[in-house]
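Per-entry structural report
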Amino acid sequence: MKSSTSLAKLIRPLVATAFALSLVALPGTGYCAESPSLTVSHLRCEGLDTPKVVDTTAPRFSWRLDSTARGVQQTAYQLRVTELGADGKTVGAPQESARVASDQSQWVELPGFVAKPKARYQWQVRVWDNQKNDSDWSPAVNFETSLLGGAWEADWLSDGMVVARMATTGGKGIRKKVGAAKSAPPARNFRKEFKLPNAPVRAKLYLSAFGVVEPWVNGQKVTEDLFIPGWPDYSKRNFYVAYDVTKQLQTGPNAVGLVLGEGWYSSTLILGKQYGPTPMVSGWLEIVDQAGKTTVVATDSSWQWANGPILENGIYPGETFDARRDDAGWSKAAGCAWTWQPVKVEAKPKVPMIARYSPPARRIQEMKPVSRKEIRPGVFIYDMGQNMVGWVRLKAQAAAGQQIKIRFTEMLAPDGSLYTKNLRSAKATALYIAKGDGVETWEPRFSYFGFRYVEISGVTAPADDAITGVVVHANLPRIGQFECSNPMLNKLYSNTLWGQKGNFVEVPTDCPQRDERMGWTGDAQVFCNTANYNMACGPFYRQWMASVRDGYLDRGGYGSVAPGANMFKVGAAGWADVGVIVPWMTWVHTGDRRILEDNFATIQKWIALLEQQAPDGIRRMDIKTGYGDWLAPGSPSNQGSTPYPLLATAYYAQSTRLAAEIATVLGKPDIAARYCELLEKIKTAFRKEFIKDDGQITSDEQTAYLLALDFDLVQPELRSKMIANLARTIAAKDNHLATGFLGTPLIAPVLSDVGLSDLAYKVVLQETYPGWLYSVKNGATTVWERWDSWTPEKGFSKGDNAAMNSFNHYAYGAVVGWFYDTIAGLKPDVSAPGWKHFEISPTPGGKLTHAKASLETAYGIASSDWRIVDGRFELAVKIPPNTQARVSLPAATIESITEAGSDLGELREASGLRAENGRVSFNLTSGTYQFAVKPAGKK
Ligand code: BGC
């Protein structure tokens, strides 16, 4: 039986560090005739290539070993950290570790090093390997620290106005409108002039806002980062950012300008939510000159504000820009003739200020439209060819005052006009009022849109290049790639990746287009495994988990959205469990144990609360407290047909199991043992309540079987009967799924895990409703919220469903985790997290003749690339230096496998060879290998 990465299978009996220890003990193979050189690269501090500021006194360092040799393991390292002065010159002696005998090259602390606040350092590392090589000291890489909890030293400024809430959907039923304002408020520009007697050697801008802010210095934009400082749970914390602005400052007169937009703070969000009605900005420039003298220019009552060219801005409504009012002088010392007014200094917010950790959103990619149609005189619709998130850059020539309206939708109505029903109250419009000054270009930046189609009106003959799509999302490195011989699966992979891009603007959202765009926790937990394959999501999830914790309510547990405590149900099964699942899954992929440390105290509260709610082990909750198997097809309500107490108890067990795992990793065996005991109690209760003697579950539907099998809740003696029952419920649907948000992510992994990969392929490859490829066949370029969001027979979902019908909902894209870990077979190993040890265990099927996944792990590229050539299975693999893998191939005997033409048995880098159940598996050290399996009967 082959195992796959369903969530439960990323869990092992509590063995967290066993593998890492065995790696250290490996003997050096030392057989290379010529000693290849060893270098270190990809130096990271706190898991980031270029962290803005590091928010810990004990930063962790990571590096890669570069070597072309096989079997490379680090045997020792030495770290060095040196403090730098404002002028960049070293201060004092470096702090060095001893030569530490260890294979650890990720998340390494320098013992005894305690970073100072607002300080600059450089660090270096050198390493030794098991092949008698040692590297030189790496080039030095800089990092800087945050305020490290120190005081926020500037006033909070506003324009003194109150932003009225806008009409948005909410209340009972999604059609009721709340709020009254018909238009969004203008952004405000703040400015301050100051003089510097001499040139700075170092200048840093510390900046925060309740709202979003774009900083300018002397007419230059300070950063390409967008929507800073981000979207925290404002009731519990706020973020700040820091930028180096040394080069933008000059001797003599200078000016700093800050454009303050609503962002998520004062924009009206779903249900009329508004964190606060008056956005505020705060920050300071800390400028050091050659003589070491520090000048601080902080926000205070001497600043001024004015309305600039942004007449309207807001997350759901969009942006209006009057180019006639634009004046580059506003952030220059020369100034401009706007109506500048004194600022209002607001009361100091009581929440702590935390340095932002996750890379903010940026413009990541540009798209050219694929077609343009004039649907009515003067109304043009562009098709971007891809449902995307961000905005467009407009290039147009128009008379002064001419209004060019840009509207965004995901779909077109049957008559070819924009389909806006599923946007609900989101106006999603950008309006540009031209300056009348030749060819003008403009793009919004205080709102974002989810769209494939763009309508432009107000410009008589837009040029072919009038718009360029600008894709905006969190600036996380893309690390995973997948492709195979089935173009429809490749399209589904691409659709899922686009879903991740579009829903990773600032927090993991359900959808990016309608008046919602919230950090729905159920969606996030089911997609977390896939997301971690596609992009380096560690900082993103670690930062967002602070909002998840901030939203925890003692009366009910974790929320359904984060940030945004209290907005929706609390403690909902499969949503609330995000508090345990996302830290665990992210740790498995990244090896960053701080995400476990950060969250463990709240996890303990959660388990205690569940225990209280379920005295007999069954969480007997009413469906009203959750969402069920949300949007499962064929059930009259949106909540599917899985009984809610079953769902809730299954997730209670899963949270408890993961809590036990986390306790073990964190070195708390007593707590782990208690949770293991509790888990047994829940399992016993679950079996008694829901599982019949013949392995049937009372509800007899797919999701119930999937949960029971995946979360290991079945009596061992009934397991095979339950598998048969699962297969029967799938056959009853003509090998289609009948699952919603909670069942769907499990179906392919569980089927593979129980030895039914052929059936998994059948379900995944269904092109008819309900199934993943149904939307692909119907032209989807992202993953839809519903299996039938649009059908050729019925068109768009009707009634209430029409309003809740996103064409960019990543939840069902969770299946892509199975593409990586089962089709291609690249799977992390929880006993050596962060890809220190992993599996390469491809599972061909579904008539595929080829599949490949590659992953840029923290250690380097890991890949699995298989094809079937004349009936022969071939597998090329890459295992990065300082890691190892357990490789498994579909082959009957060890003798049937060759590597680069020689018998596998002769391969020095392979050990622990085993042939069982039609597969051959073995341990393999780092390097690049080419395996081939002779077809049965061939010599
Ligand atoms: C969201 C979902 C979310 C759900 C909860 C919807 O409005 O779009 O993705 O998980 O509510 O049932």
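Reading guide: rules and limits
- Residues numbered from 1 in each chain as written.
- Predicted model: local features only at pLDDT ≥ 70, side-chain atom pairs only at ≥ 80, totals over all residues.
- Heavy atoms only, no water.
- Helix = DSSP H or I, 4+ residues; strand = E, 2+ residues; numbered from the N terminus.
- Rg over C-alpha atoms; globule rule 2.2 N^0.38 Å.
- Buried < 20%, exposed > 50% of the residue type's maximum accessible area, 1.4 Å probe, protein only.
- Near = heavy atom within 4 Å.
- Polar contact = N/O pair within 3.5 Å; in protein donor to acceptor, adjacent residues only side chain to side chain.
- Areas by Shrake-Rupley, 256 points an atom, 1.4 Å probe, with all protein chains shown as cover.
- Nonpolar A, V, L, I, M, F, W, Y, C, P; charged D, E, K, R; others polar.
- Contact = heavy atoms within 4.5 Å.
- Pairing = 2+ DSSP bridges.
- Salt bridge = Lys/Arg side-chain N within 4 Å of Asp/Glu carboxyl O.
- Expected span 1.5 Å × (residues − 1).
- Bend = angle between axes of the 7 residues up to and from the residue.
- Phe/Tyr/Trp six-rings, centres within 6.5 Å; stacked < 30°, edge-to-face > 60°.
- Core = buried A, V, L, I, M, F, W, Y, C linked by side-chain atoms within 4.5 Å.
- Axes fitted to C-alpha atoms, helices over the stretch in contact; angles between N-to-C directions.
- Parallel < 35°, antiparallel > 145°, perpendicular 65-115°, else oblique.
- Left-handed = near helix turned anticlockwise from the far one by under 90°.
- Lys, Arg positive; Asp, Glu negative; His and termini not counted.
- Disulfide = S-S within 2.5 Å.

**Points about the overall build of the chain**
A tally of helices and strands in the chain yields 16 helices and 47 strands. At 29 Å, the chain has a C-alpha radius of gyration in line with the 30 Å of a compact globule built from 939 residues. By principal-axis analysis of the C-alpha atoms, the chain measures approximately 85 × 70 × 60 Å. Across the 939 residues in the chain, those meeting the buried criterion constitute 64%.

**Considerations on the site of the ligand**
In the region of the ligand, the neighbouring residues are Asp510, Arg514, Glu516, Trp520, Asp523, Trp575, Tyr627, Trp630, Phe741, Glu785, Met804 and His809. Contact between the ligand and tryptophan 575: an oxygen atom at 3.0 Å from a side-chain N or O atom of the residue. About the coverage of the ligand: the protein hides 95% of its 310 Å² of free accessible area. Its residues placed into classes, the shell around the ligand shows 6 nonpolar, 1 polar and 5 charged.

**Quick word on unusual backbone geometry**
Here the amide bond leading from isoleucine 228 into proline 229 is cis, since omega sits at 10 degrees, within 30 degrees of zero. Looking at the element boundaries, proline 229 is found in the loop between β15 (220-221) and β16 (238-244). Of the consecutive residues tyrosine 769 and proline 770, the connecting peptide bond is found in the cis state with omega at -10 degrees. Note that proline 770 resides in the loop between α13 (757-764) and α14 (772-777). The phi angle at aspartate 870 is positive, at roughly 50 degrees, despite the residue not being glycine.

**Examining the environment of tyrosine 382**
Along the chain, tyrosine 382 turns up in strand β28 (residues 379-397). Distance from tyrosine 382 to leucine 647, taken between C-alpha atoms, is 44 Å for residues 265 residues apart in sequence. With residues up to four places along the chain from it excluded, the contact list for tyrosine 382 reads Pro369, Ser371, Arg372, Arg452, Tyr453, Val454, Ile456, Pro462, Ala463, Asp464, Ala466 and Ile467.

**Quick word on the sheet that holds strand β1 (residues 39-45)**
Reading across the sheet, the 3 strands line up as β1-β2-β6 and stay open at both edges, with antiparallel pairing between neighbours. Every other strand in the sheet has two partners, leaving β1 and β6 (108-109) as the edge strands with one partner each. In terms of strand pairing, strand β2 (residues 60-66) meets β6 through 2 bridges, oriented antiparallel. The residue of β6 that forms the bridge with arginine 60 is glutamate 109.

**Digging into the environment of tyrosine 316**
Structurally, the position occupied by tyrosine 316 is in the loop between β21 (310-314) and β22 (318-322). Setting aside residues up to four positions removed in sequence, tyrosine 316 forms contacts with Thr168, Thr268, Leu269, Ile270, Ala426, Lys427, Ala428, Arg514, Asp515, Glu516, Arg517 and Met518. Within polar-contact distance, the side chain of tyrosine 316 engages the backbone nitrogen of isoleucine 270 at 3.1 Å.

**Quick notes on the pattern of salt bridges**
Taken as a whole and judged by the stated rule, the model has 56 salt bridges. For glutamate 46, the salt bridge is made with arginine 542, and the minimal N-O distance between the two is 3.7 Å. Of this pair, glutamate 46 sits in the loop between β1 and β2 while arginine 542 sits in helix α5 (residues 538-550), placing them 496 residues apart in sequence. Judged by relative accessible area, which is 4%, glutamate 46 ranks as buried. Sharing partners across several salt bridges, the network here consists of Glu46, Arg60, Glu109, Arg542, Asp592, Arg594 and Asp598.

**Here we look at helix α7 (residues 594-613)**
Between its terminal C-alpha atoms α7 stretches 29 Å, which fits the 28 Å expected from 20 residues at 1.5 Å a residue. In the structure, α7 departs most strongly from a straight axis at phenylalanine 600, where the bend amounts to approximately 50 degrees. Every buried residue of α7 is listed here: Arg594, Ile595, Leu596, Asn599, Phe600, Thr602, Ile603, Trp606, Ile607, Leu609 and Leu610. As for α7, its buried residues are in contact with β2, β6, α5, α6 (578-590), α8 (644-665) and α9 (669-690).

**Description of the pairing of β1**
Summarising burial for β1: 5 of the 7 residues are buried, a large majority. Pairing of β1 with β2 involves 5 bridges; the strand directions are antiparallel. From the neighbouring strand, serine 41 faces β2, where its bridge partner is arginine 64.

**Some thoughts on the packing of aromatic side chains**
Tallied over the entire structure, the rule returns 61 aromatic pairs. Pairing tryptophan 156 with phenylalanine 210 gives two aromatic rings, centres 5.1 Å apart and planes at 70 degrees, and the pair type is edge-to-face. Taken together, the residues span a long stretch of sequence, with tryptophan 156 in strand β9 (residues 156-158) and phenylalanine 210 in strand β13 (residues 200-210) at a distance of 54 residues. As far as the burial class goes, tryptophan 156 and phenylalanine 210 line up, both buried. Taking the centre distance of 5.5 Å and the plane angle of 90 degrees together, the rings of tryptophan 772 and tryptophan 787 count as edge-to-face. On the criterion of sequence distance, the pair formed by tryptophan 772 in helix α14 and tryptophan 787 in the loop between α14 and β37 (790-791) is long-range, its members being 15 residues apart.

**Quick word on the sheet that holds β15**
Hydrogen bonds between backbone atoms are what pair the strands of a sheet, whose relative direction is either parallel or antiparallel. Taken in spatial order, the 6 strands make up an open sheet running β15-β14-β17-β12-β20-β23, and their pairing is antiparallel. On the outer flanks of this sheet lie β15 and β23 (341-342), each paired with one strand and no other. Alignment of strand β20 (residues 304-307) against β23, held across 2 bridges, turns out to be antiparallel. Opposite tryptophan 305, over in β23, you have glutamine 341 as the bridge partner.

**Some details on the nonpolar core**
Within soluble globular proteins, side chains that are nonpolar tend to cluster in buried spots. Judged by nonpolar contacts, the single largest core of 229 residues is most densely connected at Phe819 and Phe931. Counting residues per element, this core draws most heavily on α8, at 14 residues. If near-sequence neighbours (up to four positions away) are discounted, phenylalanine 931 is found in contact with Phe873, Glu874, Leu875, Val877, Leu889, Ile897, Thr898, Glu899, Leu904, Leu907, Phe922 and Leu924. In terms of nonpolar packing, the next biggest core, distinct from the first, is built from 26 residues, Ala203, Tyr243, Leu260 and Val281 among them.

**Considering the pairing of strand β27 (residues 371-376)**
Here 5 bridges tie β27 to β28, and the two strands are oriented antiparallel to one another. Paired with serine 371 across the two strands is aspartate 383, which belongs to β28. What sits between β27 and β28 in their antiparallel hairpin is a turn of 2 residues, with glycine 378 showing a positive phi close to 85 degrees.

**Considerations on the packing of helix α12 (residues 744-753) against α13**
Remark: α12 packs on α13, axes separated minimally by 7 Å, with the N-to-C direction vectors making an angle of 160 degrees. Accordingly, the angle class assigned to the pair α12 and α13 is roughly antiparallel. Crossing of α12 against α13: the hand is left-handed. From α12, Ile747, Ala748, Leu751 and Ser752 reach across to α13, where they touch Ser757, Leu759, Ala760, Val763 and Val764.

**Here we look at the packing of α7 against α9**
Viewed as axis vectors pointing N to C, α7 and α9 meet at an angle of 30 degrees, and their least axial separation amounts to 13 Å. One finds that α7 runs roughly parallel with respect to α9. Note on packing geometry: the crossing formed by α7 with α9 is left-handed. Here Phe600, Gln604, Ile607 and Glu611 of α7 lie close against α9, whose contacting residues are Ile671, Arg674, Tyr675 and Leu678.

**Re the side chain of arginine 44**
By the secondary structure assignment, arginine 44 is in strand β1. In terms of polar contacts, arginine 44 uses its side chain to reach the side chain of aspartate 49, at 3.1 Å. Discounting residues that sit within four places of it in the chain, arginine 44 has contacts with Asp49, Arg60, Phe61, Ser62, Trp123 and Ala858.

**Examining the side chain of arginine 786**
In this structure, arginine 786 sits in the loop between α14 and β37. Within the buried set, arginine 786 has no salt-bridge partner at all; the shortest N-O distance to an opposite charge, 5.1 Å, is to glutamate 785. Those residues in contact with arginine 786, other than ones at most four positions away along the chain, are Leu631, Asn638, Ser797, Asn801, Met804 and Asn805.

**Describing the state of the cysteines**
A full pass over the atoms with the stated rule returns 0 disulfides. Free of any disulfide, cysteine 45 has its nearest cysteine sulfur in cysteine 537, 20 Å distant. The cysteine cysteine 528 is free of any disulfide, with cysteine 537 supplying the nearest cysteine sulfur at 7.4 Å. We classify cysteine 528 as buried; its relative accessible area is 0%.

**Points about helix α4 (residues 521-534)**
Given a rise of 1.5 Å per residue, 14 residues ought to cover 20 Å, and the 19 Å separating the end C-alpha atoms of α4 matches this to within 8%. The largest bend in α4 is about 55 degrees, located at cysteine 528. In terms of residue burial, α4 counts as a mostly covered element, since 14 of its 14 residues are buried.

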